[in-house]
Amino acid sequence: MYIHKKPSWYLPDSGVTPQAAYLGRRKFLRTLGMGAAATAFTRVPGISATAGFPDTLNPSFKLSAVKLTPYDLITTYNNFYEWGLSKDEPSKLSNQGWKTDPWTIEIGGLCANPAKFAVNDLIKAVGGIEQRNYRHRCVEAWSMVVPWDGFPLAKLVTLSSPKPEAKYVQFTSFLDPKICPAQRSNDFAWPFTEGLMLDEAMNELAFLATGIYGKPLLNQNGAPIRLVVPWKYGFKGAKSIVRIDFVATQPKTLWNQYAPDEYGFLANVNPEVDHPRWSQRSERVIGGGFFSSRQPTLKFNGYEKEVAALYAGIDLRKNF
Ligand SMILES: Nc1nc2c(c(=O)[nH]1)N[C@H]1C(S)=C(S)[C@@H](COP(=O)(O)O)O[C@H]1N2
Ligand SMILES: [Mo]
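Presented here is a report on the structure given in the accompanying data block. (Residues numbered from 1 in each chain as written. Chains lettered and ligands numbered in written order. Predicted model: local features only at pLDDT ≥ 70, side-chain atom pairs only at ≥ 80, totals over all residues. Heavy atoms only, no water.)

Thoughts on the environment of Ser282
So, point 1. Residue placement: Ser282 occurs in strand 11 (residues 282-285).
So, point 2. Note on Ser282: relative accessible area 21%, which makes it partly exposed.
So, point 3. Spatially, the C-alpha atoms of Ser282 and Pro296 are 4.1 Å apart, while their sequence positions differ by 14 residues.
So, point 4. When sequence neighbours within four positions are dropped, the list of residues in contact with Ser282 reads Arg137, Ala141, Arg294, Gln295, Pro296 and Thr297. (Helix = DSSP H or I, 4+ residues; strand = E, 2+ residues; numbered from the N terminus. Buried < 20%, exposed > 50% of the residue type's maximum accessible area, 1.4 Å probe, protein only. Contact = heavy atoms within 4.5 Å.)

Shown next as C-alpha coordinates:
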(Lines give C-alpha, C1' and ligand atoms only; values in the text may rest on other atoms or scores of the structure.)
(Ligands and ions follow the chains in the order given, each with its own letter.)
Protein backbone atom coordinates (compact mmCIF):
# COMPACT_ATOMS: atom_id res chain seq x y z
CA MET A 1 0.00 0.00 0.00
CA TYR A 2 1.19 3.46 -0.80
CA ILE A 3 1.47 5.55 2.36
CA HIS A 4 1.26 9.25 1.73
CA LYS A 5 3.02 11.34 4.35
CA LYS A 6 1.59 14.82 4.78
CA PRO A 7 4.11 17.60 4.22
CA SER A 8 4.65 19.91 7.21
CA TRP A 9 2.76 22.78 5.53
CA TYR A 10 -0.30 20.63 4.83
CA LEU A 11 -3.56 22.29 5.87
CA PRO A 12 -6.28 19.73 6.59
CA ASP A 13 -8.96 21.87 5.08
CA SER A 14 -7.28 23.28 2.00
CA GLY A 15 -10.60 22.97 0.14
CA VAL A 16 -12.02 25.83 2.20
CA THR A 17 -10.94 29.44 1.82
CA PRO A 18 -9.68 30.57 5.21
CA GLN A 19 -10.74 33.96 6.47
CA ALA A 20 -7.13 35.09 6.63
CA ALA A 21 -6.06 33.63 3.28
CA TYR A 22 -4.10 36.72 2.41
CA LEU A 23 -2.09 36.96 5.61
CA GLY A 24 1.51 37.49 4.47
CA ARG A 25 3.39 34.21 4.02
CA ARG A 26 6.02 35.24 6.57
CA LYS A 27 3.41 36.12 9.19
CA PHE A 28 1.58 32.92 8.39
CA LEU A 29 4.65 30.76 8.98
CA ARG A 30 5.39 32.62 12.19
CA THR A 31 1.88 31.86 13.44
CA LEU A 32 2.24 28.17 12.53
CA GLY A 33 5.49 28.11 14.53
CA MET A 34 3.54 28.67 17.70
CA GLY A 35 3.04 24.92 18.06
CA ALA A 36 6.55 24.44 19.38
CA ALA A 37 6.13 27.06 22.12
CA ALA A 38 2.77 25.76 23.23
CA THR A 39 3.97 22.19 23.81
CA ALA A 40 6.07 23.47 26.73
CA PHE A 41 2.89 23.49 28.87
CA THR A 42 1.41 20.41 30.48
CA ARG A 43 -1.95 19.17 29.30
CA VAL A 44 -4.97 20.26 31.34
CA PRO A 45 -8.40 19.20 30.10
CA GLY A 46 -10.55 22.23 29.38
CA ILE A 47 -13.65 21.67 31.48
CA SER A 48 -15.33 24.61 33.16
CA ALA A 49 -18.61 26.38 33.92
CA THR A 50 -20.41 23.31 35.13
CA ALA A 51 -23.43 25.14 36.57
CA GLY A 52 -26.81 24.22 35.18
CA PHE A 53 -26.09 20.71 33.87
CA PRO A 54 -28.02 18.57 33.18
CA ASP A 55 -30.27 20.88 31.18
CA THR A 56 -33.10 20.10 28.77
CA LEU A 57 -33.88 20.85 25.14
CA ASN A 58 -36.06 23.88 24.46
CA PRO A 59 -38.59 22.32 22.02
CA SER A 60 -38.86 25.59 20.06
CA PHE A 61 -35.28 25.06 18.88
CA LYS A 62 -35.33 21.37 18.05
CA LEU A 63 -34.61 21.71 14.27
CA SER A 64 -36.05 18.27 13.56
CA ALA A 65 -35.43 18.48 9.79
CA VAL A 66 -31.65 18.57 10.06
CA LYS A 67 -28.96 16.25 11.34
CA LEU A 68 -26.80 17.31 14.28
CA THR A 69 -23.07 17.44 13.53
CA PRO A 70 -21.19 14.75 15.51
CA TYR A 71 -19.49 15.91 18.71
CA ASP A 72 -16.02 14.87 17.57
CA LEU A 73 -16.28 17.13 14.50
CA ILE A 74 -17.66 20.11 16.44
CA THR A 75 -14.73 19.82 18.85
CA THR A 76 -11.90 19.20 16.37
CA TYR A 77 -12.84 21.38 13.37
CA ASN A 78 -12.56 24.88 14.83
CA ASN A 79 -11.84 28.49 14.07
CA PHE A 80 -10.06 30.03 17.04
CA TYR A 81 -7.18 32.03 15.61
CA GLU A 82 -5.65 32.63 19.02
CA TRP A 83 -4.70 28.93 18.88
CA GLY A 84 -3.71 28.56 15.25
CA LEU A 85 -5.00 29.16 11.74
CA SER A 86 -5.76 25.59 10.73
CA LYS A 87 -8.91 23.81 11.82
CA ASP A 88 -7.18 21.09 13.85
CA GLU A 89 -4.89 23.35 15.89
CA PRO A 90 -7.30 24.89 18.44
CA SER A 91 -8.33 21.50 19.86
CA LYS A 92 -4.66 20.64 20.42
CA LEU A 93 -3.01 23.92 21.35
CA SER A 94 -5.79 25.39 23.55
CA ASN A 95 -5.55 22.34 25.82
CA GLN A 96 -1.89 22.62 26.74
CA GLY A 97 -2.05 24.64 29.92
CA TRP A 98 -4.65 27.32 29.17
CA LYS A 99 -7.00 27.46 32.17
CA THR A 100 -10.61 28.50 31.53
CA ASP A 101 -11.81 27.63 35.05
CA PRO A 102 -12.20 29.65 37.20
CA TRP A 103 -13.24 32.48 34.86
CA THR A 104 -14.59 35.95 35.54
CA ILE A 105 -16.72 37.92 33.11
CA GLU A 106 -17.20 41.65 33.57
CA ILE A 107 -20.26 43.56 32.43
CA GLY A 108 -19.87 47.30 32.07
CA GLY A 109 -20.26 50.41 29.98
CA LEU A 110 -23.57 52.24 29.68
CA CYS A 111 -25.70 50.20 32.07
CA ALA A 112 -27.25 50.65 35.51
CA ASN A 113 -25.91 47.34 36.89
CA PRO A 114 -22.26 46.86 35.98
CA ALA A 115 -21.02 43.63 37.56
CA LYS A 116 -18.29 41.01 37.73
CA PHE A 117 -19.43 37.40 37.76
CA ALA A 118 -17.79 34.03 38.11
CA VAL A 119 -19.36 32.28 35.10
CA ASN A 120 -21.12 29.73 37.30
CA ASP A 121 -22.70 32.57 39.35
CA LEU A 122 -23.84 34.30 36.15
CA ILE A 123 -25.55 31.08 35.06
CA LYS A 124 -27.40 31.00 38.38
CA ALA A 125 -28.27 34.72 38.14
CA VAL A 126 -29.97 34.23 34.75
CA GLY A 127 -31.91 31.21 36.00
CA GLY A 128 -29.91 28.33 34.52
CA ILE A 129 -29.34 26.95 31.05
CA GLU A 130 -31.25 25.18 28.27
CA GLN A 131 -30.37 23.32 25.05
CA ARG A 132 -30.95 24.72 21.58
CA ASN A 133 -30.04 23.24 18.21
CA TYR A 134 -28.82 25.97 15.87
CA ARG A 135 -27.45 26.06 12.34
CA HIS A 136 -23.86 27.36 12.38
CA ARG A 137 -22.57 28.94 9.14
CA CYS A 138 -19.00 30.19 8.83
CA VAL A 139 -18.23 33.02 6.39
CA GLU A 140 -15.78 30.53 4.79
CA ALA A 141 -18.84 28.65 3.40
CA TRP A 142 -18.94 25.58 5.64
CA SER A 143 -21.71 24.72 8.08
CA MET A 144 -22.67 22.54 11.02
CA VAL A 145 -25.69 22.04 13.25
CA VAL A 146 -24.73 22.43 16.90
CA PRO A 147 -26.72 21.51 20.02
CA TRP A 148 -25.65 24.35 22.30
CA ASP A 149 -26.28 24.66 26.02
CA GLY A 150 -26.59 28.16 27.43
CA PHE A 151 -28.99 31.02 27.98
CA PRO A 152 -30.46 33.86 25.92
CA LEU A 153 -28.24 36.94 25.76
CA ALA A 154 -31.41 38.99 26.36
CA LYS A 155 -31.45 37.73 29.96
CA LEU A 156 -28.03 39.19 30.61
CA VAL A 157 -28.97 42.46 28.89
CA THR A 158 -32.09 42.76 31.05
CA LEU A 159 -30.11 41.98 34.21
CA SER A 160 -27.58 44.70 33.33
CA SER A 161 -30.26 47.32 32.59
CA PRO A 162 -28.65 49.29 29.74
CA LYS A 163 -29.00 53.09 29.78
CA PRO A 164 -31.02 54.78 27.00
CA GLU A 165 -27.76 55.95 25.32
CA ALA A 166 -26.60 52.34 24.88
CA LYS A 167 -27.15 51.31 21.25
CA TYR A 168 -24.64 48.47 20.83
CA VAL A 169 -23.11 45.63 22.82
CA GLN A 170 -19.40 44.86 22.55
CA PHE A 171 -17.92 41.44 23.36
CA THR A 172 -14.25 41.00 24.24
CA SER A 173 -12.44 37.66 24.24
CA PHE A 174 -9.57 36.78 26.57
CA LEU A 175 -6.14 38.39 26.24
CA ASP A 176 -3.25 36.36 27.61
CA PRO A 177 -0.12 36.79 25.47
CA LYS A 178 1.96 34.93 28.06
CA ILE A 179 0.16 31.68 27.35
CA CYS A 180 -1.17 32.40 23.85
CA PRO A 181 1.70 32.80 21.36
CA ALA A 182 -0.49 34.20 18.56
CA GLN A 183 -1.36 37.14 20.82
CA ARG A 184 2.32 38.08 20.95
CA SER A 185 2.21 38.83 17.21
CA ASN A 186 0.73 41.94 15.63
CA ASP A 187 -1.12 40.12 12.84
CA PHE A 188 -4.51 40.71 14.41
CA ALA A 189 -5.86 43.40 16.71
CA TRP A 190 -5.99 41.24 19.83
CA PRO A 191 -8.04 40.73 21.89
CA PHE A 192 -10.76 39.38 19.59
CA THR A 193 -13.75 41.72 19.71
CA GLU A 194 -17.23 41.56 18.25
CA GLY A 195 -20.44 43.53 18.54
CA LEU A 196 -24.18 43.57 18.03
CA MET A 197 -26.81 46.27 17.84
CA LEU A 198 -28.77 46.34 21.10
CA ASP A 199 -31.99 45.17 19.41
CA GLU A 200 -30.11 42.23 17.87
CA ALA A 201 -28.79 41.36 21.32
CA MET A 202 -32.37 41.39 22.63
CA ASN A 203 -33.62 39.01 19.91
CA GLU A 204 -34.53 35.68 21.46
CA LEU A 205 -32.12 33.76 19.19
CA ALA A 206 -28.95 35.53 20.41
CA PHE A 207 -27.40 33.10 22.86
CA LEU A 208 -24.54 32.81 25.32
CA ALA A 209 -23.33 29.22 25.15
CA THR A 210 -21.67 27.40 28.04
CA GLY A 211 -21.89 23.89 26.61
CA ILE A 212 -22.34 21.58 23.61
CA TYR A 213 -24.21 18.25 23.64
CA GLY A 214 -24.99 18.67 27.34
CA LYS A 215 -21.34 19.02 28.38
CA PRO A 216 -19.43 22.13 29.42
CA LEU A 217 -17.69 23.85 26.51
CA LEU A 218 -14.21 22.59 25.68
CA ASN A 219 -11.51 25.24 25.34
CA GLN A 220 -11.44 24.99 21.55
CA ASN A 221 -15.15 25.93 21.33
CA GLY A 222 -14.69 29.01 23.53
CA ALA A 223 -14.85 27.84 27.14
CA PRO A 224 -16.32 28.76 29.46
CA ILE A 225 -18.72 31.15 27.71
CA ARG A 226 -19.08 32.29 24.10
CA LEU A 227 -21.58 34.12 21.93
CA VAL A 228 -23.76 32.34 19.35
CA VAL A 229 -25.73 34.40 16.80
CA PRO A 230 -27.19 31.77 14.48
CA TRP A 231 -28.45 34.12 11.72
CA LYS A 232 -24.98 35.67 11.31
CA TYR A 233 -21.65 34.32 10.09
CA GLY A 234 -19.79 32.36 12.76
CA PHE A 235 -17.16 35.04 13.35
CA LYS A 236 -19.71 37.16 15.24
CA GLY A 237 -19.67 34.46 17.95
CA ALA A 238 -16.82 35.69 20.18
CA LYS A 239 -15.28 32.86 22.20
CA SER A 240 -14.00 32.81 25.78
CA ILE A 241 -15.56 36.17 26.64
CA VAL A 242 -14.10 38.26 29.49
CA ARG A 243 -16.03 41.53 28.97
CA ILE A 244 -19.43 42.64 27.73
CA ASP A 245 -19.90 46.41 27.37
CA PHE A 246 -22.88 48.55 26.47
CA VAL A 247 -21.75 51.35 24.16
CA ALA A 248 -23.28 54.28 22.27
CA THR A 249 -21.57 53.84 18.89
CA GLN A 250 -20.75 50.88 16.66
CA PRO A 251 -17.81 49.11 18.34
CA LYS A 252 -14.63 48.06 16.57
CA THR A 253 -14.47 44.36 15.82
CA LEU A 254 -11.42 42.27 14.94
CA TRP A 255 -12.55 40.97 11.54
CA ASN A 256 -14.10 44.24 10.43
CA GLN A 257 -10.91 46.14 11.26
CA TYR A 258 -8.79 43.51 9.52
CA ALA A 259 -10.68 43.58 6.19
CA PRO A 260 -13.79 45.80 6.18
CA ASP A 261 -14.69 44.95 2.54
CA GLU A 262 -14.75 41.26 3.40
CA TYR A 263 -16.25 41.12 6.89
CA GLY A 264 -19.04 43.62 7.45
CA PHE A 265 -20.25 44.62 10.88
CA LEU A 266 -23.70 43.07 10.42
CA ALA A 267 -22.40 39.83 8.85
CA ASN A 268 -25.89 38.42 8.34
CA VAL A 269 -25.79 35.13 6.44
CA ASN A 270 -26.87 36.12 2.92
CA PRO A 271 -26.59 33.91 -0.18
CA GLU A 272 -27.29 36.99 -2.35
CA VAL A 273 -24.15 38.84 -1.29
CA ASP A 274 -20.93 37.07 -2.20
CA HIS A 275 -17.74 37.43 -0.27
CA PRO A 276 -15.31 39.34 -2.57
CA ARG A 277 -13.23 36.15 -2.94
CA TRP A 278 -15.89 33.40 -2.96
CA SER A 279 -19.61 32.72 -3.41
CA GLN A 280 -21.97 32.53 -0.44
CA ARG A 281 -24.72 30.74 -2.45
CA SER A 282 -23.97 27.33 -0.97
CA GLU A 283 -22.10 25.75 1.90
CA ARG A 284 -20.17 22.57 2.62
CA VAL A 285 -21.82 20.52 5.35
CA ILE A 286 -19.16 19.37 7.82
CA GLY A 287 -19.65 15.63 8.31
CA GLY A 288 -22.05 15.53 5.37
CA GLY A 289 -20.05 12.98 3.39
CA PHE A 290 -18.10 13.51 0.18
CA PHE A 291 -20.85 13.57 -2.46
CA SER A 292 -23.83 14.95 -0.57
CA SER A 293 -21.83 17.59 1.18
CA ARG A 294 -23.03 20.87 -0.38
CA GLN A 295 -26.35 22.53 0.30
CA PRO A 296 -27.84 25.90 -0.61
CA THR A 297 -27.29 28.66 1.95
CA LEU A 298 -30.46 30.17 3.38
CA LYS A 299 -31.05 33.86 3.92
CA PHE A 300 -30.36 34.73 7.57
CA ASN A 301 -29.19 31.10 7.78
CA GLY A 302 -32.83 29.96 7.85
CA TYR A 303 -33.92 32.38 10.59
CA GLU A 304 -35.52 35.00 8.34
CA LYS A 305 -38.90 34.82 10.06
CA GLU A 306 -37.34 35.51 13.45
CA VAL A 307 -34.93 38.30 12.52
CA ALA A 308 -35.81 40.03 9.22
CA ALA A 309 -37.76 42.76 11.05
CA LEU A 310 -34.54 43.92 12.74
CA TYR A 311 -33.32 45.14 9.34
CA ALA A 312 -36.39 46.93 8.03
CA GLY A 313 -35.17 49.91 5.99
CA ILE A 314 -31.55 48.70 5.98
CA ASP A 315 -29.96 47.94 2.57
CA LEU A 316 -28.43 44.51 3.24
CA ARG A 317 -26.22 44.72 0.13
CA LYS A 318 -24.50 47.84 1.43
CA ASN A 319 -24.67 46.74 5.06
CA PHE A 320 -23.36 43.23 4.63
N1 LIG B 1 -11.98 34.70 20.21
C2 LIG B 1 -12.33 34.17 19.02
N3 LIG B 1 -13.61 33.93 18.77
C4 LIG B 1 -13.99 33.36 17.59
C5 LIG B 1 -13.03 33.11 16.58
C6 LIG B 1 -11.66 33.39 16.87
O7 LIG B 1 -10.76 33.18 16.04
N8 LIG B 1 -11.36 33.91 18.10
N9 LIG B 1 -13.43 32.57 15.35
C10 LIG B 1 -14.82 32.80 14.97
C11 LIG B 1 -15.21 32.05 13.78
S12 LIG B 1 -14.60 32.60 12.31
C13 LIG B 1 -16.10 31.02 13.82
S14 LIG B 1 -16.70 30.29 12.40
C15 LIG B 1 -16.55 30.46 15.13
C16 LIG B 1 -16.19 28.98 15.18
O17 LIG B 1 -16.72 28.38 16.33
P18 LIG B 1 -16.52 26.80 16.56
O19 LIG B 1 -15.04 26.51 16.44
O20 LIG B 1 -17.03 26.54 17.95
O21 LIG B 1 -17.32 26.11 15.49
O22 LIG B 1 -15.95 31.11 16.25
C23 LIG B 1 -15.80 32.51 16.12
N24 LIG B 1 -15.32 33.07 17.36
MO1 LIG C 1 -15.87 31.73 10.68
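A few points about unusual backbone geometry
So, point 1. Backbone torsion omega between Trp190 and Pro191 reads 0°, so that peptide bond is classified as cis.
So, point 2. When you line up the elements, Pro191 lands in the loop between strand 5 (168-173) and strand 6 (193-197).
So, point 3. Here Ala223 and Pro224 are connected by a cis peptide whose omega angle stands at -5°.
So, point 4. At Ser240, a residue that is not glycine, the phi angle is positive and equals roughly 45°.
So, point 5. Mapped onto the elements of the fold, Ser240 is located in the loop between strand 9 (226-228) and strand 10 (241-247).
So, point 6. Overall, the relative accessible area of 0% leaves Ser240 in the buried class.
So, point 7. Positive phi values are uncommon outside glycine, yet Ala267 reaches one of about 55°.
So, point 8. Looking at the secondary structure, you find Ala267 in the loop between helix 8 (254-258) and strand 11.

Some thoughts on the layout of surface pockets
So, point 1. Space inside the largest pocket adds up to approximately 310 Å³.
So, point 2. As for the largest pocket, its lining consists of 19 residues, of which Val66, Lys67, Val145, Val285 and Gln295 are closest to the centre.
So, point 3. For the lining of the largest pocket, the elements supplying multiple residues, two or more each, are strand 3 (130-137), strand 4 (142-152), strand 11 and strand 12 (294-296).
So, point 4. It is strand 4 that contributes the most residues to the lining of the largest pocket, three residues altogether.
So, point 5. Classifying every residue of the lining of the largest pocket by side-chain character gives nine nonpolar, seven polar and three charged. (1 Å grid on protein atoms, 1.4 Å probe; cavity = no way out; pocket = protein on both sides within 12 Å on 5 of 7 lines; lining within 4 Å. Points joined across faces, edges and corners; volume = space filled by probe spheres on them. Nonpolar A, V, L, I, M, F, W, Y, C, P; charged D, E, K, R; others polar.)

Here's the deal with the environment of Lys239
So, point 1. One can find Lys239 in the loop between strand 9 and strand 10.
So, point 2. Given a relative accessible area of 8%, Lys239 falls into the buried group.
So, point 3. Those residues in contact with Lys239 that lie beyond four places of it in its chain are Asn78, Asn79, Phe80, Ser173, Gln220, Asn221, Gly222, Ile225 and Arg226.
So, point 4. In this structure the side chain of Lys239 is engaged in a polar contact, spanning 2.9 Å, whose partner is the backbone oxygen of Gln220. (Polar contact = N/O pair within 3.5 Å; in protein donor to acceptor, adjacent residues only side chain to side chain.)

Some details on the nonpolar core
So, point 1. Of all hydrophobic cores here, the largest spans 87 residues; its most connected members are Leu153, Trp231 and Trp255.
So, point 2. If sequence neighbours within four positions are ignored, Leu153 has contacts with Phe171, Leu196, Ala201, Ala206, Phe207, Leu208 and Leu227. (Core = buried A, V, L, I, M, F, W, Y, C linked by side-chain atoms within 4.5 Å.)

A word on empty space enclosed by the protein
So, point 1. Per the stated rule, a full pass over the model turns up three cavities of 30 Å³ or more.
So, point 2. If you add up the space inside the largest cavity, you get close to 330 Å³.
So, point 3. What lines the largest cavity is a set of 25 residues, and nearest its centre among them are Asn79, Phe80, Arg226, Gly234 and Lys239.
So, point 4. Looking at the lining of the largest cavity, the element that brings in the most residues is strand 4, giving three residues.
So, point 5. Considered class by class, the residues forming the lining of the largest cavity number 14 nonpolar, eight polar and three charged.
So, point 6. Lining the second largest cavity are 14 residues, and of these His136, Val228, Val229, Lys232 and Gly234 lie nearest its centre.
So, point 7. Every element with two or more residues in the lining of the second largest cavity is listed here: strand 3 and strand 9.

Points about the pattern of salt bridges
So, point 1. Within the structure shown, the criterion is met by twelve salt bridges.
So, point 2. Across the pair Arg132 and Glu130 runs a salt bridge whose closest N-O atoms are separated by 2.5 Å.
So, point 3. With relative accessibility at 3%, the residue Arg132 sits in the buried group.
So, point 4. Taking the relative accessible area as the measure of exposure, Glu130 reaches 18% and is therefore buried.
So, point 5. Lys232 is the partner of Glu200 in a salt bridge, and the nearest nitrogen-oxygen pair spans 2.7 Å. Taken as a pair, Glu200 in helix 7 (residues 198-202) and Lys232 in the loop between strand 9 and strand 10 lie far apart in primary sequence, 32 residues in all.
So, point 6. Where salt bridges share partners, they join Glu106, Arg243 and Asp245 into one cluster. (Salt bridge = Lys/Arg side-chain N within 4 Å of Asp/Glu carboxyl O.)

Description of the side chain of Thr253
So, point 1. Topologically, Thr253 is positioned in the loop between strand 10 and helix 8.
So, point 2. On the basis of relative accessible area, Thr253 is assigned to the buried category, the value being 1%.
So, point 3. Sequence-distant contacts of Thr253, defined by excluding residues within four places in its chain, comprise Thr193, Glu194, Gly195 and Phe265.

Quick notes on the site of ligand 1
So, point 1. Taken together, 17 residues lie around ligand 1, and Tyr81, Glu82, His136, Gly237 and Lys239 are the ones closest in.
So, point 2. Within the side chain of Glu82, one N or O atom sits 2.8 Å away from a nitrogen atom of ligand 1.
So, point 3. The backbone of Gly237 places a nitrogen or oxygen atom 2.8 Å from a nitrogen atom of ligand 1.
So, point 4. Mapping ligand 1 onto the cavity grids shows that it belongs to the largest cavity.
So, point 5. Of the residues contributing to the shell around ligand 1, the split by class is six nonpolar, eight polar and three charged. (Near = heavy atom within 4 Å. Sits in = over half its atoms within 2 Å of the grid points.)

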